[in-house]
Amino acid sequence: MIKKAVIPAAGLGTRFLPATKAQPKEMLPIIDTPTIQYVVQEAVDSGIEDILIISGKGKRTIEDHFDRNFELESRLAKKEDERFYNEVMRIADMANIHYIRQKEVNGLGDAIYHARQHVGNEPFAVLLGDTIVNSIIPVTQQLIDSYEQYRCSIIAVEEVPHDKVSRYGIAGGQSVSEKIMEVQNLVEKPSPNEAPSNLAIAGRYILTPEIFRAIENTPKGKGNEVQLTDALHLLMKRERLVSNTIEGKRYDIGNKLDFLKTTVEFALRRKEFATDFREYLKEVLKESK
Ligand code: UTP
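Summary of the structure given here. Because the structure is predicted, anything quoted here is derived from the model rather than measured.

### Comments concerning the side chain of glutamate 26
Structurally, glutamate 26 can be placed in the loop between strand S1 (4–8) and strand S2 (29–30). For glutamate 26, the contacting residues outside a window of four places in its chain are Ala9, Ala10, Pro34, Thr35, Ile36, Lys59, Ile62, Gly129 and Asp130.

What follows is the structure in structure tokens.
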């Protein structure tokens, strides 16, 4: 069974400057909840018991968020504000969370390499700290279920429109079933006519420990960083790698437009203000014509 997850959250978030100059993009809230809390919740809902967050410079608020805050707790207790008190206590108790610092931002491959001692010799889940997936069955759970069947590394993919493939990492290969594909090719941001499919890598993975050997042998690539996609190319030569088309919708809050879309969509799902917000949107759209 897969019980450990790694959440890389040490990146600089340059696409979201200036907001990310002094605060982690993983703490940017979607309405009232930091992005990384949705990610941790998905891991917990998927049966993960142990989480390692790859942290770094300027990321301390992530640790504070998942820690106790006695002053706040006692203030809420005195105010008899049960709902917030319970929520604040729950966040500090969500999972067994550990941290390790990536001292230099050397890429996603390098970030994951920092987890090798913690995860040891077992397969583990990876959830990008800046990506939320909205789904009925938590997407990490979907990957774990597929792992039980295929017993190899798995990358989550989602279908994207053909004319938008150049925005994503795209996986190509041989279809095994409706949702599983034997991965034979991974291409970063291909043009639509070069793309091997329209299946975009969706920020969730199950990886076997062999990935660490692959990362060790991966030279620095794009941006002079160790890219996970390059390491997966090496892994593919040594081991089976499949993709799993997920049921759900992925939101990459690391770019501003997707962040806005996420906020709007999540707000429209919130019972307490969905109706008012929908009315407001209609009016704003009418006015902006
Ligand atoms: P991104 O490439 O989206 O994050 O990595 P970034 O580098 O912060 O983004 P930009 O391009 O500068 O805006 C996906 C996830 O991997 C983490 C990030 O924090 C993010 O959650 N990451 C990335 C690391 O932990 N370490 C790295 O060296 C790079």
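### Quick notes on the pattern of salt bridges
Counted by the stated rule, this structure contains 19 salt bridges. Put simply, lysine 282 and glutamate 279 hold a salt bridge, and the shortest N to O gap is 3.4 Å. Of this pair, lysine 282 and glutamate 279 both sit in helix H11 (residues 274–287), separated by 3 residues, roughly a single helical turn. Bridged by salt links that share partners, the residues Asp32, Arg270 and Glu272 form one connected network.

### Digging into the site of the ligand
Neighbouring the ligand are 19 residues; Gly11, Gly13, Thr14, Glu26 and Gly107 lie closest to it. For the ligand, whose unbound accessible area comes to 570 Å², protein coverage reaches 84%. By residue class, the composition of the shell around the ligand is 8 nonpolar, 7 polar and 4 charged.

### A word on the environment of lysine 189
Secondary-structure assignment places lysine 189 in the loop between strand S10 (180–188) and strand S11 (199–207). You can call lysine 189 partly exposed: its relative accessible area is 45%. When the C-alpha atoms of lysine 189 and serine 166 are compared, they prove to be 4.2 Å apart, with 23 residues separating the residues in sequence. When neighbours within four sequence positions are excluded, lysine 189 is seen to be in contact with Val165, Ser166, Arg167, Tyr168, Gly169 and Lys222.

The rules behind these values
Residues numbered from 1 in each chain as written. Predicted model: local features only at pLDDT ≥ 70, side-chain atom pairs only at ≥ 80, totals over all residues. Heavy atoms only, no water. Helix = DSSP H or I, 4+ residues; strand = E, 2+ residues; numbered from the N terminus. Contact = heavy atoms within 4.5 Å. Salt bridge = Lys/Arg side-chain N within 4 Å of Asp/Glu carboxyl O. Near = heavy atom within 4 Å. Areas by Shrake-Rupley, 256 points an atom, 1.4 Å probe, with all protein chains shown as cover. Nonpolar A, V, L, I, M, F, W, Y, C, P; charged D, E, K, R; others polar. Buried < 20%, exposed > 50% of the residue type's maximum accessible area, 1.4 Å probe, protein only.

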